[in-house]
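Analysis of the macromolecular model
Chain by chain, the residues:
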Amino acid sequence: MNNLLDISKLTKKYQTKENEIVALDNISFGLKKGEIVSLVGPSGCGKSTILSIIADLDHDYTGTITRKSHLKYAYMLQNDALLPFLTIYENAILGLKIQKTVTKENLAYVDYLFKLYKLDEFKNNYPNSLSGGMKQRVALIRTLALNPDILLLDEPFSALDQQSRLLISDDVYKIAKKEGKTVILVTHNIEEAITFSDRVIILSKRPAKIKKIIEVNFKNQYSIYERRKDANFNYYFDIIWKDLDTNE
Amino acid sequence: MSEERKKYLKKVKIKQISIFGFQFLLVLLFLGLWEYLVKIGFINAFIYSSPSNIIKTIIELIRKHDFFIHILVTLKEVIIAFILGNILGFTGAIILYEFKYLAKVLDPFLTMLNSLPKIALGPLIIIIFGANIKSVIIMALLINLIVSILTIYNGFLCTPSYYLKLFKTMQANKWQTLFKLVIPSSYQTIIASFKLCIAQTLIGT
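A word on the overall build of chain A
Regarding its fold elements, chain A presents nine helices and nine strands. Relative to the 2.2 N^0.38 estimate, which gives 18 Å for 248 residues, the radius of gyration of chain A is 18 Å and therefore close to what a compact globule would have. Projected onto its principal axes, the C-alpha positions of chain A cover 50 × 45 × 40 Å. Buried residues in chain A amount to 53% of all 248 residues. For chain A, contacts bridging at least 24 residues in sequence account for 71% of all contacts bridging at least 6. Of the roughly 11,400 Å² of accessible surface on chain A, 49% is carried by carbon and sulfur atoms. The centroid of the 35 positive side-chain charges in chain A is displaced by 3 Å from the centroid of its 31 negative side-chain charges.

Here you go:
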């Protein structure tokens, strides 16, 4: 098996008192090591459900998920979800504490990330004294600190202003490429999906089916700003737009 | 320290002092009005007493050496009932939070117990446990415990869902979620519950 993860014929149904809702219908795709894949689709189509199933948080589905070995996952959510009663440093190492993996190496990596994102002078601050962008960077450090094999990003930039959104998505992109992290990004934003990913999976409205998988090839792989300027950017945008548009 | 900082700290201090001053003034105003209304015969001193009468009685009790004995007995009852009420309330809230099924089963009974006029059970408790400190503490617990459980439990339930999701994604077990997230997030509700509990305990004792 070349893929880190293979999802085959994934179907998810929700049972309510009134009826049965099919959320995911026969979803199949693979994920290679170091690959960045975006899931785009209409609101409520089940993109986040796919992440929950991949991360083993939801076991109530049919189909198979084949993992290469024991994979470690880490999530980044839409909300920074920093605990207001902990300093940002304590927030950053929260996952390490919970998973009982507070080691010298892991703490050194956290310190490196704090320096990289110019947050080291705010280590002892509480989240309420930081801007939205800074808080989401702390959330990124908390996610990366767990040293995951797969990063699951559930619309992590959508609550940010445009400037922070670009800066932080570029931070995530660069570190994912540098460290060879495998990433799945759930997003509503077509531009973000194109500039961030190696592949874009377009989902239909509920029940979500895969409409199209687009391989994104840009000459420059090092920055999302550069990728944005690429001549192919509009070409990819049009394809995704048409496919999403026909769903609405 | 910069001038702006000094100004800010001074402003904060003045605000704190003014709040305390107004609280003191309100107490004085209340006592003064009470005394005045008794003096002019608007309210009956036999039924409502008056601040000056209360002070006279306190002085008399102090002279007879009874005052502090009674205060100490009541204080002991209040402290025991308050501590017990909070410990049991906190434990009860944790049990309800961790066992949601049990919480659903007990929900109507807790609501019923909460709305019961517990003071009316006073004579029954004295008959069962006797006229002693035990009865007083049980009476106080009857009044403060359910309120304490329900307040803290509702505080736990208000933990924002995105924090719970975060802990789930970090594979936190239920005790880590409880002690690292739910309890610290409910800090303000727990303090509010302590305040409620002391008031309820005083009614009970």
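Notes on the interface of chain B and chain A
Each side of the interface is counted separately: chain B has 15 residues, and chain A has 17 residues. When the two sides are added together, the surface that chain B and chain A hide from each other amounts to roughly 1,600 Å², 68% of it contributed by carbon and sulfur. Summed over the shared surface of chain B and chain A, the result is one salt bridge. Among the salt bridges present, the one from Asp154(A) reaches Lys165(B), with a minimum N-O distance of 3.5 Å. Our count for the chain B to chain A interface comes out at four residue pairs in polar contact (both at pLDDT 80 or more).

Some words on the packing of aromatic side chains
Under the counting rule described, the total for this entry stands at 15 aromatic pairs over all chains. Taking 6.1 Å as the distance between ring centres and 20° as the angle between the ring planes, the aromatic pair formed by Tyr109(A) and Tyr112(A) counts as stacked. Remark: Tyr112(A) and Tyr109(A) occur in helix 4 (residues 104–116); sequence separation between them is three residues, near one turn of the helix. Judged by centre distance (6.2 Å) and plane angle (80°), the rings of Phe90(B) and Phe156(B) are edge-to-face. Taken together, the residues Phe90(B) in helix 4 (residues 67–98) and Phe156(B) in helix 7 (residues 133–157) connect sequence positions 66 residues apart. Connected via pairs of aromatic rings, a cluster forms that spans Phe157(A), Tyr173(A) and Phe196(A). In this arrangement the basic side chain of Lys123(A) is found over the ring face of Phe114(A), its NZ or CZ atom lying 5.7 Å from the centre.

Overview of the packing of helix 5 (residues 132–145) of chain A against helix 6 (residues 162–178) of chain A
All names here are of chain A. Put simply, helix 5 and helix 6 touch, their axes get as near as 10 Å, and they point 20° apart. It follows that helix 5 is roughly parallel to helix 6 by the angle criterion. You can see that helix 5 and helix 6 cross each other, and the crossing is right-handed. Across the interface between the two elements, Gly133, Gln136, Arg137, Leu140 and Leu144 from helix 5 touch Ser164, Leu167, Ile168, Asp171, Val172 and Ile175 from helix 6. Residues belonging to the contact of helix 5 with helix 6 are distributed by class as follows: six nonpolar, three polar and two charged.

So, the environment of Ala192(B)
Its location among the elements puts Ala192(B) in helix 10 (residues 187–204). Here the alpha-carbon distance between Ala192(B) and Leu113(B), two residues 79 residues apart in the chain, equals 21 Å.

Examining unusual backbone geometry
Residues and elements named next belong to chain A. Arg206 connects to Pro207 through a cis peptide bond whose omega is -5°. Topologically, Pro207 is positioned in the loop between strand 8 (199–203) and strand 9 (210–215). Even without being glycine, Lys9 reaches a positive phi, approximately 50°. Position of Lys9 among the secondary structure elements: in strand 1 (residues 5–15).

Brief notes about the sheet that holds strand 5 (residues 73–76) of chain A
All names here are of chain A. Taken together, six strands build an open sheet; the order of strands is 5-6-7-3-8-9 and the sheet is mixed. Each end of this open sheet is capped by a strand with a single partner; those strands are strand 5 and strand 9. Pairs of neighbouring strands in the sheet enclose a mean axial angle of 15°, with direction left out of account. Examined bridge by bridge, strand 8 and strand 9 share five bridges and lie antiparallel to one another. Its bridge partner being in strand 9, Val200 is matched across the sheet by Ile214. Helix 1 (residues 47–54) rests against strand 3 (36–40), strand 5, strand 6 (150–154), strand 7 (182–187) and strand 8 of the sheet, and its axis sits at about 150° to strand 7. Against the sheet, helix 5 touches strand 5 and strand 6, its axis set at about 170° to strand 5.

Rules used throughout
- Residues numbered from 1 in each chain as written.
- Chains lettered and ligands numbered in written order.
- Predicted model: local features only at pLDDT ≥ 70, side-chain atom pairs only at ≥ 80, totals over all residues.
- Heavy atoms only, no water.
- Helix = DSSP H or I, 4+ residues; strand = E, 2+ residues; numbered from the N terminus.
- Rg over C-alpha atoms; globule rule 2.2 N^0.38 Å.
- Buried < 20%, exposed > 50% of the residue type's maximum accessible area, 1.4 Å probe, protein only.
- Contact = heavy atoms within 4.5 Å.
- Areas by Shrake-Rupley, 256 points an atom, 1.4 Å probe, with all protein chains shown as cover.
- Lys, Arg positive; Asp, Glu negative; His and termini not counted.
- Charge placed at Lys NZ, Arg CZ, Asp CG, Glu CD.
- Buried area = accessible area lost by both parts, 1.4 Å probe.
- Salt bridge = Lys/Arg side-chain N within 4 Å of Asp/Glu carboxyl O.
- Polar contact = N/O pair within 3.5 Å; in protein donor to acceptor, adjacent residues only side chain to side chain.
- Phe/Tyr/Trp six-rings, centres within 6.5 Å; stacked < 30°, edge-to-face > 60°.
- Lys NZ or Arg CZ within 6 Å of the ring centre and 35° of its normal.
- Axes fitted to C-alpha atoms, helices over the stretch in contact; angles between N-to-C directions.
- Parallel < 35°, antiparallel > 145°, perpendicular 65-115°, else oblique.
- Left-handed = near helix turned anticlockwise from the far one by under 90°.
- Nonpolar A, V, L, I, M, F, W, Y, C, P; charged D, E, K, R; others polar.
- Pairing = 2+ DSSP bridges.

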